[in-house]
Amino acid sequence: MPVEIAKAGWVYRRTSILKRWKRNWCVLYSDGALKCFESPDSKVAEWSGVLPTKCLLIKTGSQVGNVKAPQGRSVESLLMLTFVGNHTLTMCAESPEDMSAWQTALEQARVLNRTASAPPPPPPPTDAVAPPPYPTQNAAGVAGFAGQMYYGPHPPPYVVQHPGTTVIYVSDYPSYYYRRRYDGSDVAMGLLAGAAFGSLMWGPLLWW
């Protein structure tokens, strides 16, 4: 698919070595590429650059600095493009009005696709949600404690709880549960205490 032309026209380009002004036919394409040809019919560009990824700054008029405009042209018609690596391209438009038109087109090309290529912002934080129950288990609420959920009894039940609230530790025996303030400590300690308490209850019966 051919790339459309955003702007084209005659400008003076200052050569990089001899610092002389040379009249070129400059073409700015819709993808942000800028090329300077000897004439509108030329196929090979004498200068080319990519603005969206390489152009850092565009100066105009007296901002260009100690650069003399071509004969018959004013300083207000000057443009200077600064690229990565401190490379510059100095141009002079046909008139100050033409310079303003080039400046607008070049600035639009310089920031082309920068918003689209930027990484997406991180998603906003959301509250933790309970994991789905095992296929062979049913989720049940802890009586008297809204929002408390446990899964069980096989494998051993566990509690889904938000930090900073009371945790209900449910053992294999539904009639016993343990309350503990969640502060990041090891949940296994609560389960171990429940298992030890249950063994003490059933221990004497096993001796008979």
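Residues numbered from 1 in each chain as written. Predicted model: local features only at pLDDT ≥ 70, side-chain atom pairs only at ≥ 80, totals over all residues. Heavy atoms only, no water.

**Observations concerning unusual backbone geometry**
Note: most residues except glycine have negative phi, and most peptide bonds are trans.
Next up, step 1: With a phi angle near 55 degrees, Lys 19 is a residue other than glycine that sits in the positive phi range.
Next up, step 2: With respect to the secondary-structure elements, Lys 19 resides in the loop between β1 (5-14) and β2 (21-29).
Next up, step 3: With a phi angle near 65 degrees, Asn 86 is a residue other than glycine that sits in the positive phi range.
Next up, step 4: Of note, Asn 86 is situated in the loop between β6 (78-83) and β7 (87-92).
Next up, step 5: The class for Asn 86 is exposed, based on a relative accessible area of 65%. (Helix = DSSP H or I, 4+ residues; strand = E, 2+ residues; numbered from the N terminus. Buried < 20%, exposed > 50% of the residue type's maximum accessible area, 1.4 Å probe, protein only.)

**Quick word on the side chain of Lys 7**
Next up, step 1: Relative to the helices and strands, Lys 7 resides in strand β1.
Next up, step 2: Residues within four places of Lys 7 in sequence aside, it is in contact with Cys 26, Val 27, Leu 28, Asp 98, Ala 101, Trp 102 and Ala 105. (Contact = heavy atoms within 4.5 Å.)

**Overview of the pairing of strand β3 (residues 33-37)**
Next up, step 1: In terms of burial, β3 is largely enclosed, as four of its five residues are buried.
Next up, step 2: Here β2 folds back onto β3, and the loop between the two strands holds three residues, one of which, Gly 32, carries a positive phi near 95 degrees.
Next up, step 3: One ladder, built from four bridges, connects β3 with strand β4 (residues 47-50); its direction is antiparallel. Its bridge partner lying in β4, Cys 36 is registered against Trp 47. (Pairing = 2+ DSSP bridges.)

**A few points about the environment of Met 80**
Next up, step 1: The topology assignment puts Met 80 in strand β6.
Next up, step 2: On the accessibility criterion, Met 80 (12% relative accessible area) is buried.
Next up, step 3: As a C-alpha pair, Met 80 and Thr 90 span ten residues in sequence and 4.3 Å in three-dimensional space.
Next up, step 4: When neighbours within four sequence positions are excluded, Met 80 is seen to be in contact with Leu 57, Ile 58, Lys 59, Val 64, Val 67, Thr 88, Leu 89 and Thr 90.

**A word on the pattern of salt bridges**
Next up, step 1: For the structure on display, the rule yields six salt bridges.
Next up, step 2: With a closest N to O distance of 3.6 Å, Arg 23 and Glu 94 form a salt bridge. One end of the pair, Arg 23, is in strand β2; the other, Glu 94, is in the loop between β7 and α2 (96-110), with 71 residues separating them in the sequence.
Next up, step 3: Here Glu 94 falls in the partly exposed class, since its relative accessible area comes to 29%.
Next up, step 4: Here Arg 110 and Glu 107 are joined by a salt bridge, their closest N and O atoms 3.1 Å apart. In this pair, Arg 110 and Glu 107 are both assigned in helix α2, three residues apart and thus about one turn of the helix distant. (Salt bridge = Lys/Arg side-chain N within 4 Å of Asp/Glu carboxyl O.)

**As for the confidence of the model for the chain**
Next up, step 1: Considering every residue of the chain, the mean pLDDT works out to 74; 54% of them sit at 70 or more.
Next up, step 2: Counted against residues more than four places away or in other chains, residues 154-159, with its pLDDT under 50, gives 23 contacts. (pLDDT = per-residue confidence, 0-100.)

**Comments concerning the packing of aromatic side chains**
Next up, step 1: Considering all chains together, one arrives at two aromatic pairs under this definition.
Next up, step 2: Each ring, one from Trp 10 and one from Trp 25, has its centre 5.4 Å from the other, and the planes form 75 degrees; the classification is edge-to-face. Placement of the pair is Trp 10 in strand β1 and Trp 25 in strand β2, with a sequence separation of 15 residues.
Next up, step 3: Taking relative accessible area as the criterion, Trp 10 reaches 27% and is therefore assigned partly exposed.
Next up, step 4: For the ring pair Trp 47 and Phe 83, a centre distance of 5.7 Å and an interplane angle of 55 degrees mean the geometry is tilted. Taken together, the residues span a long stretch of sequence, with Trp 47 in strand β4 and Phe 83 in strand β6 at a distance of 36 residues.
Next up, step 5: For Phe 83, a relative accessible area of 7% corresponds to the buried category. (Phe/Tyr/Trp six-rings, centres within 6.5 Å; stacked < 30°, edge-to-face > 60°.)

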